[in-house]
Amino acid sequence: MENASNKYPGELLVSQKLSELYGASYGVTVLRYGDQHTLRVRLTLPDDQYVSGNPDLMAQGFAFLKEMIENPFQRDGAFDTDYFRIHQTNLSHYLASIPDNKEFYATLKLQSLYYGKDRDHGSYLLGDAESINALDPKGLFSFYQTFMAQARIVILVAGKIDSQSVLTLARQFSFANQPRQTELGLFVKARESDTVVTGRDQFAGSQSILELGYRLPIYFGSDQYFAAMVFDQLFGVSTRSLLFTNVREKASLAYDIHSSYNSLAGMLTVQAGIDPQNLEKVSKTIAEQLHQAAGGHYSDDLLAGVKRSMIDQHRSQSDYLATVVERRYFAEISGIDISDKQWEDSVNRISKADISKVADQVDIQAEYVLESQEAADEDD
């Protein structure tokens, strides 16, 4: 979809068309939002007022999208074989190379551990090399046809636009008036077990990576959602956070350390790059920082600074159309629309007591260590 269609059967022809659209940018990406997979098709065009000749780029842009989406490069009910094999090989090679990116590889391994036999959530959203290599041009094209006939489709347009003109252009898509599946689940049930699952692999290198997965059953739009976001920033996202300050800066136990909260999966993760001999110390110190957060043992200035930084970042991101569109899409799939003022007011209201209630719900579920071979050799 990104590199060819029947009208533009090759990357060069697609690039030439984008150049004719005054340097428009176009891309196709697969994303995962909780329990939903999203195929995102994005086209960015200059406004007509900044180009000569009144070319009506909006209409041309919609025509280009209609071609790329509705007329993929296929022959006799199958994607063009040569074109398909090139991209199949490229994707397969990328997937096979993931272990070279140690941090990302460790994150995927933790995800697999955390969800166990639940492949829908435990596997990488792009699949694996074996599965990709098993695909064929006809089967994939058949899947694409079924997908386009059933998937919920959201069209979002942002910028200086005429709403009625955009609606008219959007109705030109063949799928515009077709019935769609609308009841789609979004939230992933958080893992809950009394047993911590663990995993360990080795690689050639001097630095180990520790990945921790916690259950945090607080979801987007719930009463405690904003408290969970502020907790995450204070615990391990901000450069002033407890993890960064006390584990990395003061104790010098990590090269890098941060947390990440997934409000669609009810999950909190921590990743740390560490010297292998410090594994037990790091694990203990991380647990201590969680205890500190639960007990409110941090300064009022830290909490105020974290909230201020969150609001400043939210405001600065609002200047970008891509962010505006992303937030609008999230509101569409979640059914929850939060205005900028509501967002800021909600963050400002969070207290130490609110954060303690969140921290008390954090429950370790999985631990993965990507251990350097040097450490293993020393142990032997």
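Everything numeric in this text was worked out from a predicted model, so none of it was measured.

Undergrad: Would you mind going over the side chain of Ser334 in detail, with residue names and values included?
TA: Of note, Ser334 is situated in helix α13 (residues 321-334). You can call Ser334 buried: its relative accessible area is 16%. Polar contacts involving the side chain of Ser334 include one to the main-chain carbonyl oxygen of Phe330, which spans 2.7 Å. In terms of polar contacts, Ser334 uses its side chain to reach the backbone amide nitrogen of Ile336, at 3.2 Å. Sequence-distant contacts of Ser334, defined by excluding residues within four places in its chain, comprise Leu186 and Phe220.

Undergrad: Could you give an account of the pattern of salt bridges, with specific residues and numbers?
TA: All told, the structure shown has 14 salt bridges when counted by the stated rule. Close ionic contact of Glu192 with Arg215 constitutes a salt bridge, the shortest N to O distance being 3.4 Å. Taken as a pair, Glu192 in the loop between α8 (163-170) and β3 (197-203) and Arg215 in strand β4 (residues 208-215) lie far apart in primary sequence, 23 residues in all. Where Asp337 meets Arg328, a salt bridge forms, and the shortest distance between an N and an O atom there is 3.1 Å. When its relative accessible area of 52% is taken as the criterion, Asp337 is described as exposed. A relative accessible area of 33% means that Arg328 is categorised as partly exposed. Within the structure, one salt-bridge network assembled from shared partners comprises Arg328, Glu332 and Asp337.

Undergrad: Report on helix α4 (residues 102-115), specifying residues and quantitative values.
TA: Every α-helix winds through 3.6 residues per turn, so residues three or four apart in the chain are directed the same way. The terminal C-alpha atoms of α4 lie 20 Å apart, and with 14 residues this matches the ideal 20 Å at 1.5 Å per residue to within 8%. Among the residues of α4, Ala106, Leu108, Leu110, Gln111, Tyr114 and Tyr115 are the ones counted as buried. Looking at the residues trailing α4, positive phi occurs at Gly116, about 60°.

Undergrad: An account of the nonpolar core is requested, with residue identities and associated values reported.
TA: With 52 residues, the main nonpolar core has Phe231 and Ile286 as its most contacted residues. Residue contributions to this core peak at nine residues, all from helix α9 (residues 225-237). Among residues more than four places away in sequence, those in contact with Ile286 are Leu210, Leu212, Tyr214, Phe235, Leu243, Ile257 and Val270. By size, the runner-up hydrophobic cluster in this structure holds 26 residues, among which are Leu57, Phe79, Phe141 and Phe173.

Undergrad: Describe in detail helix α2 (residues 57-70), supporting the description with residues and values.
TA: The end-to-end C-alpha distance of α2, which contains 14 residues, comes to 19 Å, matching closely the 20 Å that a straight helix rising 1.5 Å per residue would cover. Those residues of α2 lying buried are Leu57, Gly61, Phe62, Phe64, Leu65, Glu67, Met68 and Ile69. On its buried side, α2 packs onto α1 (11-20), β1 (25-33), β2 (36-44), α7 (137-150) and α8.

Undergrad: An account of the pairing of β2 is needed here, citing residue identities and associated values.
TA: By the bridge criterion, nine bridges tie β1 to β2 in an arrangement that is antiparallel. Its bridge partner lying in β2, Tyr26 is registered against Leu43. Counted between consecutive antiparallel strands, the loop separating β1 from β2 contains two residues, among which Gly34 sits at a positive phi close to 60°.

Undergrad: Tell me about the sheet that holds strand β6 (residues 267-274), and name the residues and values.
TA: Taken in spatial order, the five strands of this open sheet run β3-β7-β4-β6-β5, and their pairing is mixed. On the outer flanks of this sheet lie β3 and β5 (256-262), each paired with one strand and no other. On average, each strand axis in the sheet is tilted by 15° relative to the strand beside it, whichever way the strands run. Where β5 lies against β6, seven bridges are found, and the strand directions are antiparallel.

Undergrad: Before we move on, can you summarise the packing of aromatic side chains with the specific residues and values?
TA: Tallied over the full model, the rule gives 18 aromatic pairs. Where Phe220 meets Tyr225, the ring centres are 4.9 Å apart and the plane angle is 75°; that geometry is what we call edge-to-face. Look at Phe220 and you get buried, because its relative accessible area is 10%. Members of the aromatic cluster, joined through ring pairs, are Tyr33, Phe220, Tyr225, Phe226, Tyr329, Phe330 and Trp343. Lying over the aromatic face of Tyr298, Lys352 brings its terminal NZ or CZ to 4.9 Å of the ring centre.

Conventions we followed
- Sequence order as written defines residue numbering, which begins from 1 separately in each chain.
- Residues qualify for local features only when their pLDDT is at least 70, as the model is predicted, and side-chain atom pairs are given and counted only at 80 or more; totals for whole chains, interfaces and linings, by contrast, use all residues.
- Calculation of side-chain values draws on the structure's entire complement of heavy atoms; hydrogens and water are dropped beforehand.
- Helix numbering and strand numbering both begin at the N terminus, where a helix is a DSSP run of H or I of at least 4 residues and a strand a DSSP run of E of at least 2.
- Think of it in three bands: residues with accessible area under 20% of the maximum for their type are buried, residues over 50% are exposed, and the middle band is partly exposed, with areas taken using a 1.4 Å probe on protein chains only.
- Whenever a nitrogen or oxygen atom comes within 3.5 Å of another N or O atom, the pair is scored as a polar contact, on the condition that within protein one atom can donate a hydrogen and the other can accept it, and that pairs from neighbouring residues in sequence are kept only if both atoms are in side chains.
- Whether two residues are in contact is decided by their heavy atoms: any pair within 4.5 Å suffices.
- Whenever a carboxyl oxygen of Asp or Glu lies within 4 Å of a side-chain nitrogen of Lys or Arg, that contact is scored as a salt bridge.
- What a helix should span is 1.5 Å times the count of its residues minus one.
- As used here, the term nonpolar core means buried Ala, Val, Leu, Ile, Met, Phe, Trp, Tyr and Cys residues forming a set that is joined through side-chain atoms within 4.5 Å.
- One bridge is not enough; two strands pair if DSSP finds at least two bridges between them.
- Axes, fitted as lines to C-alpha atoms, cover a helix only where it is in contact. Angles between the N-to-C directions of the axes lie from 0 to 180 degrees.
- Pairing of aromatic rings covers Phe, Tyr and the six-membered ring of Trp, with a centre-to-centre limit of 6.5 Å; geometry is then stacked below 30 degrees between planes, edge-to-face above 60, and tilted otherwise.
- Charge-over-ring contacts are defined here by two conditions on Lys NZ or Arg CZ: a distance within 6 Å of the ring centre and an angle within 35 degrees of the ring normal.

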